[in-house]
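Observations on the three-dimensional arrangement
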Amino acid sequence: MNRLRKAPSLLPHKHAILVCRFSNDARPSINMGDDILKFGQDGYVPGERQLGYKSSTGCTHSYRAINPAIFKISSIGTCKGNVLRTEMKMETPMAGSVFNKGFSCSQVHTRRDYSTDSGLPPHQEIGMPSLSPTMTEGNIARWLKKEGDKVSPGEVLCEVETDKATVEMECMEEGYLAKILRGDGAKEIKVGEVIAITVEDEEDIAKFKNYEPSTSDSAAAAKEPSVSIPPKEEVVEEPVSSPVPKISKASAAPSAEDRIFASPLARKLAEDHNIHLSSIKGTGPDGRIVKADIEDYLASRGKEVSAAAPKVDAKAAGSLDYTDIPHSQIRKVTASRLLLSKQTIPHYYLTVDTCVDNLMDLRSVLNSLQEASGGKRLSVNDLVIKAAALALRKVPQCNSSWMNDYIRQYHNVNINVAVQTDNGLFVPVIRDADKKGLSTISEEVKHLAQKAKENSLKPEDYEGGTFTVSNLGGPFGIKQFCAIINPPQSGILAVGSAERRVIPGSGPEQFKFASFMSVTLSCDHRVIDGAIGAEWLKAFRGYIENPESMLL
C-alpha cells in the first residue's frame, strides 16, 4: 500500500495499473462491455482514489487508482478459485474523472452475463444477428431447437427472415437453450435485441423459466448522477405565466372595412355551396350579407336554391370494406430501395425493337438437342440474359456504379434476374453470365427462381449483381415498360413481349411477316451517357438478331 501511495512520483506520465476483482463466482469473459456508472471516494490521499462502479449484471466492482483520468483500458483476465483477477493497463490520460473501458464489441450479438444478486447463474444472451448488409430488423420464421435442447457450435437454432430472404441462424457456443424470448412468427425484432438465453449447465435451465431481459442498464444510467465533466447548463426559455397583453398598432384588431359581416344562416348556406362571402355584396343593415343575398347569387349562377345540396352520409362514405395486409420484409426493402432509386438516380430510357425470328429458330434447334440429351428446355429469357451479359462485356461503361467520388467499373458481369413471387419481388444473381453456356444459365435461373418462390434464398444468391434484367413480356404479355434501376447498379433492361408485324419485302409492293420484341434500357445518367446507352442497345440488338454470334 505504501508503494501504491508513492506511485505519483513513480509514474510521471500519469499511467496507472489497476487490479479489478470480480466476486459472486464470476467467470472470465471476452469483450465484456460493462459501463462505469458511478464513482465513490473513500477518504482522500494525494494521488489516490477509491473508485467503484456497478456493472450491467448488478455486480459491484471497486478500483484503487492513481491520478484518475479518462483511460483506454486493455485487460487480461485470469481465474483462480472464485475470484477473477484482471490487470488493466491504462493509457492516454485525458482531462476528467471517468474511466471508459474500451473493450471491442463482437459482430455476433451475444453477451456473457455473470451471476448477480437475483440468483441467476452465468448465461449468454443471444441477440438478433445482422445477416445482410442492409438488415436493421428481422422476423423469427421458426425455431428448430426448443427450450431445454442441447446446442453445439454450427447447429441451426432458428430461421430468420431478413429484409431479403430467410436465413438459418447457427449456434456459436456449446450449451443448453434455456429460454426462447421471441417465439415463432415474432416480427420487427431490432438487430441486437435479445431473442434467447443459453446456459452451460443443464441444471440451470429451470432458473430461467420466468426470465425477462433486463432493462436495468438504461434505468440505472438515468438514475445515477453523471461522473464526467458536468455538462454545460442549457438555457431554457420558460413561458411567462401571465403575459401582459400588448397593444401595438391598429393592425392587431381588423378594421370594419376588412371584416365581412354575414348572418349565421347566410354563412351556413354559403359554406354548403362552397361560395366565398367576399364575392357577394350584402344588402342587410350596414352591408350585412343575409340569406336573400346568397339565394340571389345562386340564382344568378342558374342553380336551384330551394333544394339544398345533397349531403354525403359520413358513415356511408367511411364504410368501405377492406383488409389490411401487413408488410413483409421483402416488401419493405423493395419499397425503400425503389423509392431511393427514383428520388436520387436521374433515370432516362432508351427503347428499341429487335427482330427475334432468328433467335426463335436457334432456340428450337437448341431445345431439340436439350431434349435428346435429357436437359431442360431453354427459354427466351435465357437467351436475353446471355445477350445482355455479352453486350456488357463489349460496352463495359454500362457495367458500372456511381460511388459519389468515382465511378466503379466492374470486371465481373453478374446479371440479376427479377422473379415475382407471392412474397414479393426477388432478384437472384447469375454470376459471370458472360462466361457461362446457355444450358448452365437456364439451370441456374430455374433453380434460383424456385428458391425465391420457397423464400429460401441466401445472401450469396442475390448479392453482388452489376446489371438487372426484368421480363414481363413472356409471362404476362406486356408489350413495353420502363423499369426502375436497382441501386447501386446503373442500368436495368425491361423486356416486352414479341409480336408479329407486317414489314416491307425485298421488292416493290411486297411485304412479309416478322416477330419483334421491344426492350427498354433504363440508365443512370450520372454514369451512362445517352450515346453509351445507345451503343449498348446496338450491341444487344446485334446478339439477338444474330444469335449464332453468342455461341462463338
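Worth saying up front: this structure is predicted, and the values here are computed from it rather than measured.

1. A word on the side chain of histidine 347
- Within the secondary structure, histidine 347 sits in strand 15 (residues 347-355).
- One polar contact links the side chain of histidine 347 to the main-chain amide nitrogen of isoleucine 485, over a distance of 3.2 Å.
- In contact with histidine 347, other than residues within four places in its own chain, are Ser341, Lys342, Ala483, Ile484, Ile485 and Cys523.

2. Looking at a nonpolar patch on the surface
- Taken together, the side chains of Val502, Phe511 and Phe513 define a hydrophobic patch exposed on the protein surface, amounting to about 340 Å² of accessible area.
- Turning to its location among the elements, valine 502 is positioned in strand 23 (residues 491-504).

3. Describing the pairing of strand 14 (residues 194-199)
- The buried fraction of strand 14 is high, at 6 of 6 residues.
- In the sheet, strand 7 (residues 123-127) pairs with strand 14 via 5 bridges, with the strands oriented antiparallel. For glycine 127, the partnering residue across the bridge sits in strand 14 and is valine 194.
- In terms of strand pairing, strand 12 (residues 175-180) meets strand 14 through 4 bridges, oriented antiparallel. Among the inter-strand pairings, leucine 177 is bridged to a residue of strand 14, identified as threonine 198.

4. What to know about the packing of aromatic side chains
- Here the structure, examined in full by the defined rule, presents 4 aromatic pairs.
- For the pair phenylalanine 467 and tryptophan 536, a centre-to-centre distance of 5.3 Å together with 35° between the ring planes defines the contact as tilted. A residue pair is termed long-range when its members are at least 10 positions apart, and phenylalanine 467 in strand 22 (residues 467-471) and tryptophan 536 in helix 13 (residues 530-545) qualify at 69 residues.
- Tryptophan 536 sits in the buried class, given a relative accessible area of 0%.
- Judged by centre distance (5.4 Å) and plane angle (10°), the rings of tryptophan 536 and phenylalanine 540 are stacked. Taken as a pair, tryptophan 536 and phenylalanine 540 lie in helix 13 at a separation of 4 residues, close to a single helical turn.

5. Concerning helix 10 (residues 438-453)
- With 16 residues, helix 10 should cover 22 Å at 1.5 Å per step; its first-to-last C-alpha distance of 23 Å lies within 8% of that length.
- Inspection of helix 10 places Leu438, Ile441, Ser442, Val445, Leu448, Ala449, Lys451 and Ala452 among the buried residues, and these make up the whole buried set.
- On the buried face of helix 10, the contacting elements are helix 8 (357-372), helix 9 (380-394), strand 19 (419-421), strand 20 (424-426), strand 21 (429-430) and helix 11 (459-462).
- Positive phi shows up at asparagine 455, right after helix 10, with a value of about 55°.

6. Focus: unusual backbone geometry
- The step from proline 487 to proline 488 runs through a cis peptide bond, and the omega angle for that step is 10°.
- Residue placement: proline 488 occurs in the loop between helix 12 (473-476) and strand 23.
- Even without a glycine there, the phi angle at asparagine 274 is positive, about 55°.
- If you check the backbone angles, asparagine 455 has positive phi at about 55° while not being a glycine.
- Within the secondary structure, asparagine 455 sits in the loop between helix 10 and helix 11.

7. Focus on the sheet that holds strand 13 (residues 189-190)
- Taken in spatial order, the 4 strands line up as 11-10-8-13 in an open sheet, and their pairing is antiparallel. The sheet is open, and its two borders are formed by strand 11 (166-170) and strand 13, each paired with just one other strand.
- Here strand 10 (residues 156-161) runs beside strand 11; their pairing, made up of 5 bridges, is antiparallel. Considered in strand 11, the bridge of glutamate 159 is made with glutamate 168.

8. With respect to the sheet that holds strand 24 (residues 511-524)
- Pairing within the open sheet is mixed, and its 6 strands lie in the order 15-24-23-22-18-21. Pairing within the sheet leaves two strands with one partner each, and these edge strands are strand 15 and strand 21.
- Here strand 15 runs beside strand 24; their pairing, made up of 9 bridges, is antiparallel. Bridging from a neighbouring strand, tyrosine 348 pairs with cysteine 523 of strand 24.

9. Description of the nonpolar core
- Val384, Ile415, Phe467, Leu493, Val519, Trp536 and Phe540 are the most contacted members of the largest nonpolar core, which totals 54 residues.
- With sequence-adjacent residues up to four places away left out, tryptophan 536 is seen in contact with Ala388, Ala391, Leu392, Val395, Cys398, Phe467, Leu493 and Leu521.
- Judged by nonpolar contacts, the second largest core, of 17 residues, contains Met128, Cys158, Cys171 and Ala196.

10. Comments concerning the confidence of the model for the protein chain
- Looking at the protein chain as a whole, the pLDDT averages 74, with 67% of positions reaching at least 70.
- In the model, residues 1-108 has pLDDT below 50 throughout and makes 205 contacts with residues more than four positions away in sequence or in other chains.
- Low pLDDT, under 50, characterises residues 216-257; the stretch is placed with 17 contacts to residues that sit more than four places away or in other chains.

11. Some thoughts on helix 9
- Here helix 9 is 15 residues long and its end C-alpha atoms lie 21 Å apart, about the 21 Å a rise of 1.5 Å per residue gives.
- Buried residues dominate helix 9, accounting for 12 of its 15 residues.
- Of the residues making up helix 9, those classed as buried are Asn381, Asp382, Leu383, Val384, Ile385, Lys386, Ala387, Ala388, Ala389, Leu390, Ala391 and Leu392.

Cut-off values and rules
- Residues numbered from 1 in each chain as written.
- Predicted model: local features only at pLDDT ≥ 70, side-chain atom pairs only at ≥ 80, totals over all residues.
- Heavy atoms only, no water.
- Helix = DSSP H or I, 4+ residues; strand = E, 2+ residues; numbered from the N terminus.
- Polar contact = N/O pair within 3.5 Å; in protein donor to acceptor, adjacent residues only side chain to side chain.
- Contact = heavy atoms within 4.5 Å.
- Patch = residues over 30% accessible without salt bridge, like charges linked within 9 Å, V, L, I, M, F, W, Y side chains within 5 Å.
- Areas by Shrake-Rupley, 256 points an atom, 1.4 Å probe, with all protein chains shown as cover.
- Salt bridge = Lys/Arg side-chain N within 4 Å of Asp/Glu carboxyl O.
- Buried < 20%, exposed > 50% of the residue type's maximum accessible area, 1.4 Å probe, protein only.
- Pairing = 2+ DSSP bridges.
- Phe/Tyr/Trp six-rings, centres within 6.5 Å; stacked < 30°, edge-to-face > 60°.
- Expected span 1.5 Å × (residues − 1).
- Core = buried A, V, L, I, M, F, W, Y, C linked by side-chain atoms within 4.5 Å.
- pLDDT = per-residue confidence, 0-100.

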